[in-house]
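Close look at the chain arrangement
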Amino acid sequence: MTTHGPVMPVWSCGGCDLPWPCPTRKRELRAEFMDAPVSLALYLGAYLVQATEDMPWTPAGVLHRRFLGWTRETGPPMPAESEPGVRSGTDDRAPPAWS
């Protein structure tokens, strides 16, 4: 069990008094949810809902970045699986016709 849990309703870290989730808790959560990024987002989304109720004066974008924005991968994008008959990185098909 971590000491870096949220102190509500001010949403500071109980371990280091930084805004929660603090850098230490973010590292812990990344490790804990390493193979389950959607579960991590759902877990933090529940906290985001609580935080918006506790801190209605805080802009939604600020809280979103604080609770969820850091969970996105920062590495290079993974290549998409190509369709059969289409070489990766190229697409010789005609663009869709717009009506």
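Above this text sits the structure in question.
A brief report on the enclosed structure follows. In this text the structure is predicted, and so the values were computed from the model without any measurement.

**Concerning the nonpolar core**
Core analysis: the largest hydrophobic core is formed by 16 residues, its most contacted members being Trp 11, Trp 20, Leu 29, Leu 40, Leu 44 and Phe 67. Sorting the residues of this core by element identifies helix H2 (37–54) and helix H3 (60–67) as the ones contributing at least two each. Not counting chain neighbours up to four residues away, the residues in contact with Phe 67 comprise Trp 11, Trp 20, Pro 21, Leu 44, Tyr 47, Leu 48 and Ala 51.

**Re the packing of H2 against H3**
Closest axis-to-axis distance for the H2/H3 pair is 10 Å, and the angle between their directions is 145°. Where H2 crosses over H3, the two elements pack in a sense that is right-handed. In this structure, H2 uses Leu 44, Tyr 47, Leu 48, Ala 51 and Thr 52 to contact H3, whose residues at the interface are Leu 63, His 64 and Phe 67. For the contact of H2 with H3, a count of residues per class yields six nonpolar, two polar and no charged.

**Focus: unusual backbone geometry**
Geometrically, the link from Met 8 to Pro 9 is a cis peptide bond, its omega value of 10° lying close to zero. Here Pro 9 shows up in the loop between strand S1 (6–7) and strand S2 (12–13). Each neighbour pair has its own omega, and for Trp 20 with Pro 21 the value is 0°, a cis peptide bond. Positive phi, normally seen in glycine, also occurs at Trp 11, with a value near 55°. When you line up the elements, Trp 11 lands in the loop between S1 and S2. Residues other than glycine seldom take positive phi values, yet Asp 17 does so here, at roughly 65°. Along the chain, Asp 17 falls in the loop between S2 and helix H1 (23–32). Residue Asp 17 is classed as exposed on the basis of its relative accessible area of 60%.

**So, the pattern of salt bridges**
Applying the stated criterion across every chain, the model contains two salt bridges. Residues Arg 25 and Glu 28 are paired through a salt bridge, measuring 3.1 Å at the closest nitrogen-oxygen approach. Placement of both Arg 25 and Glu 28 in helix H1 is noted, with a separation of three residues, approximately one turn of the helix. In the salt-bridge network here, residues are joined through shared partners; they are Arg 25, Glu 28 and Glu 32.

**Quick word on the side chain of Thr 71**
Within the element layout of this structure, Thr 71 appears in the segment after H3. From its side chain, Thr 71 meets the backbone oxygen of Leu 68 in a polar contact 2.6 Å long. Not counting residues within four places of it along the chain, the set of residues in contact with Thr 71 comprises Arg 30, Leu 40 and Leu 44.

**Remarks on the packing of aromatic side chains**
In the structure shown here, the tally under the stated rule is seven aromatic pairs. Aromatic pair Trp 20 and Phe 67: ring centres 6.0 Å apart, planes at 55°, arrangement tilted. Remark: Phe 67 occurs in helix H3 and Trp 20 occurs in the loop between S2 and H1; sequence separation between them is 47 residues. Taken individually, Trp 20 and Phe 67 each receive the classification buried, so the pair is uniform in this respect. Plain terms: the ring middles of Tyr 43 and Tyr 47 are 5.1 Å apart, the flat faces sit at 85° to each other, and that makes the pair edge-to-face. With a gap of four residues between them, Tyr 43 and Tyr 47 both fall in helix H2, about one helical turn apart. On the basis of relative accessibility, which here comes to 30%, the residue Tyr 43 falls in the partly exposed class.

Conventions we followed
- Residues numbered from 1 in each chain as written.
- Predicted model: local features only at pLDDT ≥ 70, side-chain atom pairs only at ≥ 80, totals over all residues.
- Heavy atoms only, no water.
- Core = buried A, V, L, I, M, F, W, Y, C linked by side-chain atoms within 4.5 Å.
- Buried < 20%, exposed > 50% of the residue type's maximum accessible area, 1.4 Å probe, protein only.
- Helix = DSSP H or I, 4+ residues; strand = E, 2+ residues; numbered from the N terminus.
- Contact = heavy atoms within 4.5 Å.
- Axes fitted to C-alpha atoms, helices over the stretch in contact; angles between N-to-C directions.
- Left-handed = near helix turned anticlockwise from the far one by under 90°.
- Nonpolar A, V, L, I, M, F, W, Y, C, P; charged D, E, K, R; others polar.
- Salt bridge = Lys/Arg side-chain N within 4 Å of Asp/Glu carboxyl O.
- Polar contact = N/O pair within 3.5 Å; in protein donor to acceptor, adjacent residues only side chain to side chain.
- Phe/Tyr/Trp six-rings, centres within 6.5 Å; stacked < 30°, edge-to-face > 60°.

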